[in-house]
Amino acid sequence: MVELTDGTQQPIDYSQRIPNNVDLSNDRALQRALERWQPAFLNWWNETGPAHSAALQVYLRTAVSVDRDGWANFGYVRMPEYRWGIFLTPRDENRKVSFGDHQSQPAWQEIPGEYRSTLRRIIVTQGDTEPASVEQQRLLGATCPSLYDLRNLFQVNVEEGRHLWAMVYLLHRYFGRDGREEAEALLERRSGDPNNPRILTAFNEKTSNWLAFFMFTFFTDRDGKFQLAALAESGFDPLARTTKFMLTEEAHHMFVGESGVARALQRTCEVMRERHLTDPAQVRGQGVIDLETLQRFVNFHYSVTLDLFGSEISSNAASYYTGGLKGRYEETKIGGDHSLNSDFYTVQEVAEGVIASRSVPALTALNVRLRDDYTGEIQAGLDRWNRIPERFGIPFRLTLPHVGFHRKIGAFAGHYVSPDGQLLTKTEWEGRSVDWLPSDDDHEFVGSLMGRTIEPGKFANWIAPPARGINNLPVEFEYVRFD
Ligand SMILES: [Fe+2]
Ligand SMILES: [Fe+2]
C-alpha cells in the first residue's frame, strides 16, 4: 500500500499502463498522447539502451511513493518491463515564486505565455541529457567488473530513462503540439551521431570503459544534480515538483560514481603498498590503474563537465532568474533580497594575456555561481578520495585542475591553461597536454583491464569490492540473473 502524506495527493498508480501520481486517467487526451509515445520510448530503449540486456533479471529498486523514503520496492525486474512513469513530489498549495521579478506571487500551475518558449528550451535541454547518457553507456555491460556493478549500471540506466519520462510529461501536458514534437525528437537524436547529435557536447563523448562511467556519474551526473536543483526552485510549479523527485534518484547515481572511483583507487593503493611500487609502468604491470591515469581522467571529466554550466557571463541565465524560471542552488535557503539587482560576483577570465578576476553584476554571473557551488561539492568528494592514499601512506593526492584548463565554452575557450593555472602558448600546450589528459594509450590500457566478471561475489582485479551490498544484501548476492 502506498501511504498518502496529504489527503489531496495522488498515490503512484501502478495499475495504469503508465504509472503516475498525476491523475492521468482523468485527462484522456494527455493519456492517449503519452500512450502513443510509450511504444516509441520502448523502441528507443531496445535499440539504444543496455546491449543484450532484455532477458536479464536485474535486482532493481522502483519508486513506490514520492516520499523521501519511497524507495522500498526492490526486486528482480526484466528491464523492458521496468515501470517507468510520471512522479512529482506533492504540491504545496501555498508555494510562492521565491526570486526574481515575480517574487511572492503564487507559484504558477500553468505556463505564463511570455515564458513558454524559454521554458520549453530549458526542459528540452535537460530532457535531452537523460537518454543521451543511456546511449553513452550502452556497451558497458559487456565488460562489467562484477554483478554488483552491473546492477548499479542498469539502475542508473532505467532511472535516466524515467528522467526522460519526467521531462516528456511536462512537454505533453503543458506545451501542446510543439511539446509533442519535441518529445518525439528526444527519441530521435543520438549521442555521438554527427547528423543528429545530442544537444550538449559532453553527452556526445563516448563512455568507453568503467573508469569513464564512474567518473561520468561522479562529475557529470552531479552537474545534473545542480541543474535540477536550480530548476527545483522554479516558479513554474510542475517543473519544480518534477525535478525535486528526480533529485532523489540522482543521489544514487553520484554514489555509484564516487564509490566506483574510490574502489579503483583503493585497489591501486593496496597493490602499490603490498608490492612496494611507485612507478606507474610497474603499477600498470600489476593490472591496476596507476594514480597518474586516474588524475588524467579527473582532469578530463571535470573540465568537460564545467562546460555544461555555460558561459560565465550570460544574459540568458540573468533572464531565467529575473523571470523566476531557474533559481540559484538552494535559493530558498539563502538570504538577501532574491532579486540580485545590486549584487556583484567575481569571475575569472583572460584579460591582456593574464588570468584575472573581475567583479560583475551577480545577475549575469549565475552560471559561474552554480558552477562554483558544484566545484565545492566536487572538491569535498576529492578530499574523501584522498583519504585512501593517505591511509596507505602513499603521498599522492588527486587535485582539481584550474577552472580554465581544457575549456571549450566561456571565458577560457580558445586559451591554453595548465592544470595549475598558467596561461600557455598553443605550442607549449601541445607539448605538455599529453601528461594532463587521457591519451589513446591510457584508454587502450584501461580498456585492456576491462573483462567481464559475472560470478557472484567476484570482482575484477582492478577494483576493490564495495564495503556493503545493495539494500543490506551481501556483496556476493546474485544482483543479476542470466537465466
Ligand atoms: Fe538524470
Ligand atoms: Fe543521473
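To be clear, the structure that these remarks concern was listed above.
What counts, and at which threshold
Each chain carries its own residue numbering, running from 1 in the direction its sequence is written. Chains carry letters from A onward and ligands carry numbers from 1 onward, assigned in written order. In view of the model being predicted, local features appear only for residues whose pLDDT reaches at least 70, and side-chain atom pairs are presented and counted only at 80 or more, with totals across whole chains, interfaces and linings using the full set of residues. To get the side-chain values, take all heavy atoms of the structure and skip hydrogens and water. The nonpolar core is taken to be a set of buried Ala, Val, Leu, Ile, Met, Phe, Trp, Tyr and Cys residues, with the residues joined through side-chain atoms within 4.5 Å. Throughout, exposure labels follow a simple rule: accessible area from a 1.4 Å probe, protein chains only, divided by the maximum for the residue type, with under 20% read as buried, over 50% as exposed, and the rest as partly exposed. Secondary structure elements are defined from DSSP: runs of H or I of at least 4 residues count as helices, runs of E of at least 2 residues count as strands, and each element is numbered from the N terminus. Any two residues whose heavy atoms approach within 4.5 Å at even a single point are treated as in contact. The donor set comprises N, O and S atoms within 2.8 Å of the metal, extended to 3.2 Å for Na, K and Ca; water molecules are omitted, so apparent gaps in a site may simply reflect that omission. Tetrahedral means four donors with every angle between 85 and 135 degrees, whereas square planar (four donors) and octahedral (six donors) require angles over 155 degrees between opposite donors and between 65 and 115 for all others; sites fitting neither are termed irregular. As a rule, the C-alpha atoms of each element are fitted with a line to give its axis, helices using only the stretch in contact, and angles between N-to-C directions run from 0 to 180 degrees. Each angle receives one of four descriptions, namely roughly parallel if under 35 degrees, roughly antiparallel if over 145, roughly perpendicular if within 65 to 115, and oblique otherwise. It is the rotation of the near helix from the far one that decides the hand of a crossing: anticlockwise by less than a right angle makes it left-handed, clockwise makes it right-handed. Residues are grouped as follows: Ala, Val, Leu, Ile, Met, Phe, Trp, Tyr, Cys and Pro are nonpolar; Asp, Glu, Lys and Arg are charged; every other residue, Gly included, is polar. A helix is expected to span 1.5 Å multiplied by its residue count minus one. Pairing of aromatic rings covers Phe, Tyr and Trp, the last through its six-membered ring, and needs centres within 6.5 Å; plane angles under 30 degrees mean stacked, over 60 mean edge-to-face, and all others mean tilted. Our definition puts a charge over a ring when NZ of Lys or CZ of Arg is within 6 Å of the ring centre and also within 35 degrees of the ring normal. Strands qualify as paired when DSSP identifies two bridges or more between them.

Student: How should the nonpolar core be read in this particular structure?
Tutor: For soluble globular proteins, nonpolar side chains are generally found buried alongside one another. L34, I86, Y169, W210, F219, W385 and W462 are the most contacted members of the largest nonpolar core, which totals 108 residues. Per-element accounting of this core gives the leading share, 15 residues, to helix 3 (residues 147–174). For W210, the residues in contact, after removing those within four places along its chain, are L140, T143, C144, P145, D149, L150, L153, M450 and W462. Ranked by size, the runner-up nonpolar core spans 13 residues in total, among them Y345, V347, A365 and L366.

Student: Looking at this structure, I do not really get the coordination of the iron ion (ligand 2). What am I missing?
Tutor: Each donor-metal-donor angle would ideally measure 109.5 degrees in four-coordinate tetrahedral geometry, or 90 or 180 degrees in six-coordinate octahedral geometry. At 1.8 to 2.2 Å from the iron ion (ligand 2) lie its protein donor atoms, namely E160 (OE), D221 (OD), E250 (OE) and H253 (ND1). What the four donor atoms of the iron ion (ligand 2) show is an angle range of 91 to 172° at the metal, which sorts the shape as irregular. Each donor residue of the iron ion (ligand 2) belongs to the same chain, and together they define the spacing E-x60-D-x28-E-x2-H. The metal-metal distance between the iron ion (ligand 2) and the iron ion (ligand 1) is 3.5 Å, with E160 serving as a donor to both. Within this pair, whereas D221 is found in helix 5 (residues 210–231), its partner H253 is found in helix 6 (residues 237–274), the two being separated by 32 residues in sequence. Of the two residues examined, D221 and H253, each falls in the buried class.

Student: What am I meant to see in the packing of helix 8 (residues 291–307) against helix 10 (residues 366–391) here?
Tutor: Helix-helix packing is described using two parameters, namely the angle between the two axes and the distance between the axes. Closest axis-to-axis distance for the helix 8/helix 10 pair is 12 Å, and the angle between their directions is 165°. Between helix 8 and helix 10, the interaxial angle falls into the category roughly antiparallel. In this structure, the crossing between helix 8 and helix 10 has a hand that is right-handed. From helix 8, V298, Y302, T305 and L306 reach across to helix 10, where they touch R371, Y374, T375, I378 and W385. Looking at the contact of helix 8 with helix 10 residue by residue, the class counts come to six nonpolar, two polar and one charged.

Student: Looking at this structure, how should I read the coordination of the iron ion (ligand 1)?
Tutor: Protein coordination at the iron ion (ligand 1) comes from E130 (OE), E160 (OE) and H163 (ND1), with a distance range of 2.0 to 2.2 Å. Of note, the donors binding the iron ion (ligand 1) are all from one chain and are spaced E-x29-E-x2-H.

Student: Would you take a moment to explain helix 4 (residues 176–188) for this structure?
Tutor: Side chains that are three or four residues apart share a direction in an α-helix, a result of its 3.6 residues per turn. Taking 1.5 Å per residue as the helical rise, helix 4 with its 13 residues ought to reach 18 Å, and the 19 Å between its terminal C-alpha atoms agrees with that figure. Along its buried surface, helix 4 packs onto helix 1 (28–48), helix 2 (116–136) and helix 3.

Student: What am I meant to see in the side chain of T89 here?
Tutor: Among the secondary structure elements, T89 is positioned in the loop between strand 2 (73–78) and helix 2. Setting aside residues no more than four positions away along its own chain, T89 makes contact with V66, R241, K244 and F245.

Student: Would you mind showing me how to read unusual backbone geometry here?
Tutor: In terms of backbone geometry, most residues other than glycine have negative phi values and most peptide bonds are trans. Non-glycine residue E330 carries a positive phi angle of around 55°. Along the chain, E330 falls in the loop between helix 9 (315–322) and strand 3 (344–351).

Student: Looking at this structure, I do not really get the packing of aromatic side chains. What am I missing?
Tutor: Each aromatic ring pair is described using two quantities: the centre-to-centre distance and the angle formed by the ring planes. In the structure shown here, the tally under the stated rule is 36 aromatic pairs. Look at W44 and W45: their rings are 6.2 Å apart centre to centre, the planes differ by 65°, and that puts the pair in the edge-to-face class. An angle of 65° between the planes, with centres 5.1 Å apart, marks the rings of Y59 and F477 as edge-to-face. A residue pair is termed long-range when its members are at least 10 positions apart, and Y59 in strand 1 (residues 57–62) and F477 in the loop between helix 12 (440–449) and strand 7 (480–481) qualify at 418 residues. Judged by relative accessible area, Y59 falls into the buried class, the value being 9%. Looking at F477, the relative accessible area reads 21%, which means it is partly exposed. Aromatic rings pair up to connect W37, F41, W44, W45, Y82, W84 and W165 into one cluster. Lying across the ring of F218, R222 places its NZ or CZ 4.7 Å from the centre.

Student: Please clarify how the sheet that holds strand 1 should be interpreted in this entry.
Tutor: Sheet strands pair by backbone hydrogen bonding; their relative direction is either parallel or antiparallel. Here we have three strands laid out as an open sheet, ordered 2-1-7, and antiparallel in their pairing. If you trace the sheet from one side to the other, it starts and ends with strand 2 and strand 7, each paired once. Pairing analysis gives six bridges linking strand 1 to strand 2, with the strands arranged antiparallel. Of the residues in strand 2, the one forming a bridge with V58 is V77. Strand contacts of helix 3: strand 1, strand 2 and strand 7, with the helix running at about 50° to strand 1, the strand carrying the most contacts.

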